[in-house]
Protein chains: 2
Amino acid sequence: MHVKTLCLGALSLADSTGYDIKKLFESAFSHFQNASFGSIYPSLRKLEDEGAVTCHVEPGDRHPDRKRFSITRQGLQALVDDLSHTPATELVRSDFLVMLFFAHLLPTDVVQQKLDEIEAHYRMELDYLQSIRSDARMTAGMRYGVEQGIAVYQAKLKHLGKHRDALLASHHLPPSATQD
Amino acid sequence: MHVKTLCLGALSLADSTGYDIKKLFESAFSHFQNASFGSIYPSLRKLEDEGAVTCHVEPGDRHPDRKRFSITRQGLQALVDDLSHTPATELVRSDFLVMLFFAHLLPTDVVQQKLDEIEAHYRMELDYLQSIRSDARMTAGMRYGVEQGIAVYQAKLKHLGKHRDALLASHHLPPSATQD
DNA sequence: TCGAACATGTAAAAGGTTACATGATTAC
DNA sequence: GTAATCATGTAACCTTTTACATGTTCGA
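Residues numbered from 1 in each chain as written. Chains lettered and ligands numbered in written order. Predicted model: local features only at pLDDT ≥ 70, side-chain atom pairs only at ≥ 80, totals over all residues. Heavy atoms only, no water.

### Describing the protein's contact with DNA strand D
Taken together, the neighbourhood of DNA strand D is formed by 19 residues, with Y19, Y41, R66 and K67 of chain A together with S36 of chain B sitting nearest. Close to the protein, within 4 Å, the atoms of DNA strand D belong to sugar or phosphate groups at a rate of 69%. S36 of chain B is positioned with one of its side-chain polar atoms (N or O) 2.8 Å from a phosphate oxygen of DNA strand D. In terms of residue class, the surface near DNA strand D is made up of five nonpolar, eight polar and six charged. (Near = heavy atom within 4 Å. Polar contact = N/O pair within 3.5 Å; in protein donor to acceptor, adjacent residues only side chain to side chain. Nonpolar A, V, L, I, M, F, W, Y, C, P; charged D, E, K, R; others polar.)

### Notes on the protein's contact with DNA strand C
Around DNA strand C, 19 residues are found, and the nearest of them are H2 and S36 of chain A together with Y41, R66 and K67 of chain B. Close to the protein, within 4 Å, the atoms of DNA strand C are drawn from sugar and phosphate at a rate of 70%. The side chain of S39 of chain A places a nitrogen or oxygen atom 3.2 Å from a phosphate oxygen of DNA strand C. With respect to DNA strand C, the side chain of Y41 of chain B contributes an N or O atom lying 2.8 Å from a phosphate oxygen. Each residue belonging to the surface near DNA strand C can be placed in one class, and the counts come to five nonpolar, eight polar and six charged.

### Examining the interface of chain A and chain B
Counting from both sides, the interface comprises 65 residues of chain A and, opposite them, 65 residues of chain B. Taking both sides of the interface into account, the surface hidden between chain A and chain B amounts to around 6,500 Å²; carbon and sulfur atoms contribute 66%. Looking only at chain A, the three residues that lose the most surface to chain B are E90, F101 and Y144 of chain A, adding up to 13% of its buried area. Here chain A is connected to chain B by two salt bridges. Residue K156 of chain B is joined to E90 of chain A by a salt bridge in which the shortest nitrogen-to-oxygen separation is 2.8 Å. Linking chain A to chain B there are 25 residue pairs in polar contact (both at pLDDT 80 or more). Elements with a contribution of two residues or more to the side of chain A that touches chain B: α1 (3-13), α4 (73-85), β3 (90-94), α5 (95-101), α6 (108-132) and α7 (140-169) of chain A. With 15 residues, α7 of chain A is the single largest residue contributor to the side of chain A that touches chain B. By residue class, the composition of the side of chain A that touches chain B is 36 nonpolar, 20 polar and nine charged. Where β3 of chain A and strand β3 (residues 90-94) of chain B come together, five bridges link them in antiparallel fashion. Along β3 of chain B, the bridge assignment pairs S94 of chain A with E90 of chain B. (Contact = heavy atoms within 4.5 Å. Buried area = accessible area lost by both parts, 1.4 Å probe. Salt bridge = Lys/Arg side-chain N within 4 Å of Asp/Glu carboxyl O. Helix = DSSP H or I, 4+ residues; strand = E, 2+ residues; numbered from the N terminus. Pairing = 2+ DSSP bridges.)

This is the structure in structure tokens:
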């Protein structure tokens, strides 16, 4: 999913500045997409060139001009086309599971620390999603994303709680960790 | 997680060719990491330059020389260091959830089709993970990855089954989809 | 015979992140 | 007064994917 499409999506909800869009990505979207300023600002520029958005400059008294972008009819059409033609995929990249895959090569305390890290991460994401759960402004589709996130993090936490001890108990340092 | 680290990991399990490594990524790893030939072959070259792997060329009778790589002591140490220093993270990128987030802009049949697509995807991944579940060669850490995958896909399928009808029932085409 | 699997590799293109540069405003 | 937030933007860097180039072997 291109950052351009993500920006069009954000602008379909409300006129926004680049900064606003970043905040939206960090809140509503954070558990399944994200983008940095370094990709958002150039995307908005390109979208303007293509006529997908218009820009209204609010002159900065002393700070940088605030550029508020609005989606155009063409932009909305482009968004609908992009969303319709993008295959429904979900991609996971887990450095945590890679680490566990090779955990038999690592000292027990490192594995333990990684388990703590990931548990804290799961809990934080879960808490956040639960805190926004009751926001009435969400559409059914938005709510689905939040609820799926909650279900998934709960499943991961449950799994972790269930297997953590066995994992660490069965863990033995390789005999040749420091020799060889 | 760099492809170099992933290659070292693969080679810690068995001496392999680039092609073998790709197959490992497609099987054991596929639900949480992947890499293409275009990154694997250059990574192996760099690892050889760094002394992390050695290469034994099996001359090709008529096909390209088969290069079988082995991890060295330094390579194993580098792998352990990488794994120990890489933060335990999990990153999700879901084009599906982005689409749903803006589903109120899309025709009902498109949304329905995307739900079918993602359901097929979930089922395929789940079936695959269940098929390798009983492989006795897995370490506890490897098994954890498989079992977490199973738990997560089951949670996603359950969630989909539970909310699918409500999602489609509440779905209305925006009045200005083609006008405006 | 035809497609899939085996096998390696390069080059271009794409895309994004990180870091930097700058500075005002607001809340503690 | 000091840290966080508001606000925009560029450029270098990094990494990876995609597409191409080449040819064999094996099974249906």
